[in-house]
Amino acid sequence: DETAFDPPIVATFTYDPALIPSGVPEKNLGIAFYDKAGKLVDLDSTVDPATHTVSAKVNHFTVFTVLAYTRPAAFTVTNLSVSPTEVDVGKTVTISAVVTNTGDLSGSYQLTLKVNNVVVGTKEITLAGRARQTVTFATAQDASGSYTVSVSSLSGVFTVRVPPTSPVPPMSPVPPTSPAPPKPPSFTTGAL
């Protein structure tokens, strides 16, 4: 009791791959323990599938366990970005969002981009457990105005404008010229 390791030591446990629940990758194994308040504490663990071991640094004695994390895939969408927020007619606007799988297991998720409540694009991604990915869409509009975009429950706005026309520089008046009168022919003679 009360023995502490400074620096921490590495505790390594061997596991039987046949005991891992079906569909759970070996990388989802980890070492954990209960603290004095009875809360499960996950340790930063490293799995070696070649030797069927899982290791973690520990700084005290206690009862440790090897867990297989099996929460099903669950997705959150955050960080909607619209760039640029103002463009000329027909120019491209890029819309992106970050999708995170908060579960332990791999899963697929379909993202839909709506512009003014009209679906203009969908993308399906597959993410490993606890992974994240930025998903990007591009759109261009042919009419000026303000457009609302939505991805999942997130929304943003961009504006399309008609590009200003460049004024035609006034032409400077050119004074009229009359054609020059033709020159009469001229001849010269020389010695033979």
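Treat the numbers as computed from the prediction; the structure is a model and nothing was measured.

K.L.:
Looking at this model, I keep getting lost on the layout of surface pockets. Mind explaining?
P.N.:
Gaps left between atoms show up when a probe the size of a water molecule is rolled over them. When its volume is computed, the largest pocket comes out at roughly 260 Å³. For the lining of the largest pocket, the residue count by class is three nonpolar, three polar and four charged. In this structure, the second largest pocket occupies an estimated 180 Å³ of space. Lining the second largest pocket are 13 residues; nearest its centre among them are L29, G30, L43, Y69 and R130. Residue assignment for the lining of the second largest pocket shows that the elements contributing at least two residues are β2 (29–34) and β4 (45–48). Element by element, the count of residues in the lining of the second largest pocket is highest for β4, at three residues. The residue inventory of the lining of the second largest pocket, partitioned by class, reads four nonpolar, four polar and five charged.

K.L.:
How do you make sense of the pattern of salt bridges when you look at a structure like this?
P.N.:
For side chains of opposite charge, pairing can occur when their charged atoms come near one another. Inspection of the entire model under this criterion finds four salt bridges. A salt bridge links R71 to D104, with the shortest nitrogen-to-oxygen separation between them at 2.9 Å. Taken as a pair, R71 in the loop between β6 (64–68) and β7 (75–83) and D104 in the loop between β9 (92–101) and β10 (107–115) lie far apart in primary sequence, 33 residues in all. Owing to a relative accessible area of 3%, D104 belongs among the buried residues under this scheme. Ionic contacts of the salt-bridge type, sharing partners, join the residues R71, D104 and R130 into one network.

K.L.:
Honestly, unusual backbone geometry in this entry has me stumped. Any pointers?
P.N.:
Leaving glycine out, the prevailing phi sign among residues is negative, and the prevailing peptide bond configuration is trans. Here the residue pair D6 and P7 is connected by a cis peptide bond, since its omega of 10° sits within 30 degrees of zero. The topology assignment puts P7 in strand β1 (residues 4–14). Positive phi is not limited to glycine here, since H52 has a value of about 55°. H52 gets classed as partly exposed once you look at its relative accessible area, which sits at 28%.

Quick notes on the rules
- Residues numbered from 1 in each chain as written.
- Predicted model: local features only at pLDDT ≥ 70, side-chain atom pairs only at ≥ 80, totals over all residues.
- Heavy atoms only, no water.
- 1 Å grid on protein atoms, 1.4 Å probe; cavity = no way out; pocket = protein on both sides within 12 Å on 5 of 7 lines; lining within 4 Å.
- Points joined across faces, edges and corners; volume = space filled by probe spheres on them.
- Nonpolar A, V, L, I, M, F, W, Y, C, P; charged D, E, K, R; others polar.
- Helix = DSSP H or I, 4+ residues; strand = E, 2+ residues; numbered from the N terminus.
- Salt bridge = Lys/Arg side-chain N within 4 Å of Asp/Glu carboxyl O.
- Buried < 20%, exposed > 50% of the residue type's maximum accessible area, 1.4 Å probe, protein only.

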